[in-house]
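Residue-level structural notes
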Amino acid sequence: MTKLFNVPYLLLLPFIVTACQSSDTSQSAAFKNNVGLSTNINTSTYYNEFINGVDISSLLEIEAKGVTFYNQQGQAEDIFKILSNHQINWVRIRLWNKPTNVYWSEQVSPNGKKIVGAIGGGNNDLTTAITLAKRAKAHNMKVLVNFHYSDFWADPGNQKMPGEWLQLTPLEREQALYTFTHQSLLNMQQHAVFPDMVQIGNEIDNGLVWPQGKNITSPAAISLLKQGIQASRDAALQAQTSLPIMLHLADGTNLNKYLTTVDAFTQAKLDYDIIGVSYYPYWHGSIEDLQVNLNTISQRYNKRVLVAETAYAYTLENFDSTDNIFGEQQQIDGGFLATEKGQANALNAVINSVANVPEQKGVGVFYWEPAWLRGGWISDAGNAWENQALFNINGQVLPSIDAFSSESKPQAALAKLVKTEDLELSFFRNQHIQLPTTVMAIFSDDSVKQVNVTWPFEQQPKSLAPGIHQLTGSTLNGQPVHARVLVSENENFLANPSFESGNLLPWHTPSPIAIKVSDKQAFNGDYALNYWAESALNTTIALKLTNLPPGLYELSVQVMGSPLKQDTIALRAVTPKAERSVQIEPKGWNNWQRYSTQPIKVENGELNLNLDLDLAADSWGWIDDFQLIRVID
């Protein structure tokens, strides 16, 4: 996040461990008898100090691109010294199997061509991990090694098997995973950088080493996890040290997911120490929900917990041609403005949530890629993460890094309401007017949250004449709330156009698993329609209308999503006599675009509406705000 052949296991070892010259006579026996036995070494000393951690796995590639880092005095300085001076005491380093030969790279190259050799994203092989670990330990930092068990990025939607494991049998893959884990750790020991923690797999919600371990609760996935765990225990025993083991899931507020998954881990008697969660406030929900999840799983399973990944933006500025992942909508979803103060307070909220887990079972937080200022997730790609770094685009460390210092944490209770948003409301003629009961407000700590708003009785009309109307309400503390209400002559002839009912009806699709209503992202309101093609998908979203008044109609929709490659999306309006269509070309994350057909004439009241999707694997996007407007009566 190595191609082995069907030969006897002992003959595989020299090929698997070409980067590691140490021998280990116990590994075959450990594999055959693997039941997840613990070494019984006391690991309690690892939790005496709260983990203020960062994942800087892309650092060597970033430095190779010419990035220099500067301390708060504006002086050029080694980034590890800067981090250490700001109380960062751990680094997390991802480890890919063989990123110099990614067999599926031609499928992800931004310019459509296969990239020969290492294809970017940090090129995180074992040599890179050792180099980073040496620099970290030279500054008295501890090291977490994150085994992805892939040649490239692994996450809930992408756990591709290493290329050198493709031709192996399932049993041989388990052997290969054990060997890769064990020999990587012993190699680090030989370089005097044996890690202080490992995680077996990265965001393994949907399994690891696909397709063999596709379902994380399946016997195949559990067996793979046991091999990684046993290899880590065996390596720690040989190194004569303790080695805490973490299992890591994404979506850190999804309690049901964690209960289902970790229950399966418990039933399988997996021997591990820490449950890691990914928590990005703008994707995963409220800090209160994170707290509930951390408290619950730490108590239910008697495990320590940590946030293995988090981040927040300090600006909305985009520094290259690639759209940032964090935009205006993420400020609202995440609960803080994209400012240095907002970034610091978002991070403070996460740190405090972990620190408040009962019985001191919350052990720390890792900030994800705080130095990722150039280069993207793959060579030739722009950087969509740069505005979430803890350094500005010139490499200067930001004051928000001091969120890791306990003395710098603000008093959230002192935050005061500064202003409320000005509302822009639109209705059609004769449409029921419903004014909002809450409004988004900005507070003095740059937090953003909904507050209650009331409207005077005389400003709660059931309907309004066409035109622009100015209304004024107030918050509970008397802050004025201004609303500009536009009432249009035209009427939207579609029911549930923004899916605010929480379901798809009256639209229909033959692919309800791949296309579903979601409250995670919306252009208008709280809901939108999400599509995700785990594999190639050819489907449609359809609606048949009857008894429409005669006239010319324009159909439009808002769409954002992954840019298309060979796939196509088309919006169509069809009558018995004519058809109008428009091709849809999504422009990336949170980059909503409106697409509309040319007007179509309806004579007999009948109109068929279709959104046709012919999608390649891993395509994703959101659909919202359908409009069917009669442009001429």
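On to the packing of aromatic side chains. In total, this model carries 30 aromatic pairs according to the counting rule given. Their ring planes at 70° and their centres at 5.2 Å tell us that Trp96 and Trp153 sit as a pair that is edge-to-face. Of this pair, Trp96 sits in the loop between strand 2 (90-95) and helix 5 (126-138) while Trp153 sits in the loop between strand 3 (142-147) and helix 6 (170-190); the two residues are 57 residues apart in sequence, bridging distant segments of the chain. Here Trp96 matches Trp153 in class, with each residue buried. With a centroid separation of 5.6 Å and an interplanar angle of 55°, the aromatic rings of Phe523 and Trp592 are classed as tilted. In this pair, Phe523 sits in the loop between strand 15 (515-518) and strand 16 (528-532) while Trp592 sits in strand 21 (residues 588-596), placing the two residues 69 residues apart along the sequence. Here Trp592 falls in the buried class, since its relative accessible area comes to 15%.

Further remarks concern empty space enclosed by the protein. In this structure, the largest cavity encloses a volume near 30 Å³. Pro281, Thr310, Ala311, Tyr312, Ala346, Leu347, Val350 and Tyr367 are the residues that line the largest cavity. Broken down by element, the residue count for the lining of the largest cavity peaks at three residues, all from helix 12 (residues 340-355).

One key point about sheets: their strands pair by backbone hydrogen bonds, in either a parallel or an antiparallel sense. Taken together, eight strands build a closed barrel; the order of strands is 1-2-3-4-5-6-7-8 and the barrel is parallel. When the angles between neighbouring strand axes are averaged without regard to direction, this sheet yields 25°. Packing against the sheet, helix 10 (residues 287-301) makes contact with strand 6 (274-278) and strand 7 (304-310), and its axis sits at approximately 165° to strand 6.

Turning our eyes to something else, we now look at the side chain of Asn146. Tracing the chain through its elements places Asn146 in strand 3. Of the polar contacts made by the side chain of Asn146, one reaches the side chain of Gln199; its length is 2.8 Å. Here Asn146 is in contact with Arg92, Ile93, Arg94, Leu95, Gln199, Gly201 and Asn202, once residues within four sequence places are set aside.

When the terminal C-alpha atoms of helix 7 (residues 219-239) are compared, their 30 Å separation across 21 residues agrees well with the 30 Å that a helix rising 1.5 Å per residue should span. Of all 21 residues making up helix 7, 15 are buried, and the element is well covered by its neighbours. Within two residues after helix 7, Gln240 carries a phi angle of roughly 55°, on the positive side.

The subject of this paragraph is the packing of helix 8 (residues 255-267) against helix 10. Remark: helix 8 packs on helix 10, axes separated minimally by 10 Å, with the N-to-C direction vectors making an angle of 20°. By the angle between their directions, the pair helix 8 and helix 10 is classed as roughly parallel. The crossing of helix 8 and helix 10 is right-handed. Each of Leu255, Tyr258, Leu259, Val262, Asp263 and Thr266 in helix 8 lies in contact with helix 10, whose residues at this interface are Val292, Asn293, Thr296, Ile297, Arg300 and Tyr301.

Once that is clear, we can look at helix 12. The terminal C-alpha atoms of helix 12, which comprises 16 residues, lie 22 Å apart, in line with the 22 Å expected from a rise of 1.5 Å per residue. Turning to helix 12, its buried residues number three or more, namely Gly342, Gln343, Ala344, Asn345, Ala346, Leu347, Asn348, Val350, Ile351, Ser353 and Val354. Buried positions along helix 12 lie against helix 10, strand 7 and strand 8 (362-368).

All right, on to the packing of helix 5 against helix 6 then. Direction vectors running N to C along helix 5 and helix 6 enclose 40°, while the axes themselves pass 11 Å from each other. Between helix 5 and helix 6, the interaxial angle falls into the category oblique. Here helix 5 runs over helix 6; the crossing is right-handed. Every residue of helix 6 that contacts helix 5 at Leu126, Ala129, Ile130 and Ala133 is listed here: Ser184, Asn187 and Met188. Residue composition of the contact of helix 5 with helix 6, by class: five nonpolar, two polar and no charged.

What follows covers the environment of Lys257. With respect to the helices and strands, the residue Lys257 is situated in helix 8. The partly exposed category is assigned to Lys257, whose relative accessible area is 24%. When the C-alpha positions of Lys257 and Asp205 are compared, they lie 8.1 Å apart, and in sequence the two are 52 residues distant. Discounting residues that sit within four places of it in the chain, Lys257 has contacts with Asp205, Ala250 and Asp251. Polar contacts involving the side chain of Lys257 include one to the side chain of Asp205, which spans 2.8 Å.

This brings us to the sheet that holds strand 9 (residues 417-420). An order of 9-11-12-13-14-10 is seen for the six strands of this open sheet, with the pairing classed as mixed. Taken across any chain shown, the strands that pair with only one partner, and hence form the sheet edges, are strand 9 and strand 10 (423-428). With strand direction ignored, the average angle separating the axes of adjacent strands in the sheet is 45°.

Turning next to the nonpolar core. Counting residues in hydrophobic clusters, the biggest one holds 105 residues, and the most contacted among them are Phe69, Leu225, Phe265 and Phe391. At eight residues, helix 7 tops the list of elements feeding residues into this core. Sequence-distant contacts of Phe391, that is, excluding residues within four places in its chain, are made with Phe69, Tyr70, Ile79, Ile82, Leu83, Tyr314, Pro370, Ala371, Leu373, Gln396, Val397 and Leu398. By size, the runner-up hydrophobic cluster in this structure holds 35 residues, among which are Leu494, Val582, Val602 and Leu609.

Mapped onto the secondary structure, Ser498 falls in the loop between strand 14 (480-488) and strand 15. One polar contact links Ser498 to Asp625, side chain to side chain, over a distance of 3.5 Å.

Summary statistics for the chain give a mean pLDDT of 87 and a share of 87% for residues scoring 70 or more. Between residues 1-45, whose pLDDT stays under 50, and residues either more than four places distant or in other chains, the model counts 89 contacts. Below pLDDT 50 for its whole length, residues 407-412 participates in nine contacts with residues either more than four positions away or in separate chains.

Before going further, it helps to spend a moment on the environment of Leu255. You can see Leu255 is positioned in helix 8. Leu255 sits in the partly exposed class, given a relative accessible area of 23%. Residues contacting Leu255, with those up to four places away along its chain left out, are Val292, Asn293, Thr296 and Ile297.

With that settled, consider the pattern of salt bridges. Summed over all chains, the structure comprises 23 salt bridges. Across the pair Asp263 and Arg300 runs a salt bridge whose closest N-O atoms are separated by 3.0 Å. Linking Asp263 in helix 8 with Arg300 in helix 10, this pair joins segments that are 37 residues apart in sequence. Overall, Arg300 belongs to the partly exposed group, its relative accessible area being 48%. For the salt bridge of Asp612 with Arg572, the shortest nitrogen-to-oxygen distance reads 2.5 Å. Here Asp612, found in strand 23 (residues 607-615), pairs with Arg572, found in strand 19 (residues 568-574); they are 40 residues apart in sequence, far enough to count as distant. Through salt bridges with shared partners, a single network forms among Asp55, Arg92, Arg94, Glu309 and Glu369.

Along the chain, the position of Gln331 falls in helix 11 (residues 328-334). Residues Gln331 and Tyr282, 49 residues apart in the sequence, show an inter-C-alpha distance of 7.1 Å. Setting aside residues no more than four positions away along its own chain, Gln331 makes contact with Tyr312, Leu316, Phe326, Phe336, Leu337, Ala338 and Val448.

Scoring rules and cut-offs
Residues numbered from 1 in each chain as written. Predicted model: local features only at pLDDT ≥ 70, side-chain atom pairs only at ≥ 80, totals over all residues. Heavy atoms only, no water. Phe/Tyr/Trp six-rings, centres within 6.5 Å; stacked < 30°, edge-to-face > 60°. Helix = DSSP H or I, 4+ residues; strand = E, 2+ residues; numbered from the N terminus. Buried < 20%, exposed > 50% of the residue type's maximum accessible area, 1.4 Å probe, protein only. 1 Å grid on protein atoms, 1.4 Å probe; cavity = no way out; pocket = protein on both sides within 12 Å on 5 of 7 lines; lining within 4 Å. Points joined across faces, edges and corners; volume = space filled by probe spheres on them. Pairing = 2+ DSSP bridges. Axes fitted to C-alpha atoms, helices over the stretch in contact; angles between N-to-C directions. Contact = heavy atoms within 4.5 Å. Polar contact = N/O pair within 3.5 Å; in protein donor to acceptor, adjacent residues only side chain to side chain. Expected span 1.5 Å × (residues − 1). Parallel < 35°, antiparallel > 145°, perpendicular 65-115°, else oblique. Left-handed = near helix turned anticlockwise from the far one by under 90°. Nonpolar A, V, L, I, M, F, W, Y, C, P; charged D, E, K, R; others polar. Core = buried A, V, L, I, M, F, W, Y, C linked by side-chain atoms within 4.5 Å. pLDDT = per-residue confidence, 0-100. Salt bridge = Lys/Arg side-chain N within 4 Å of Asp/Glu carboxyl O.

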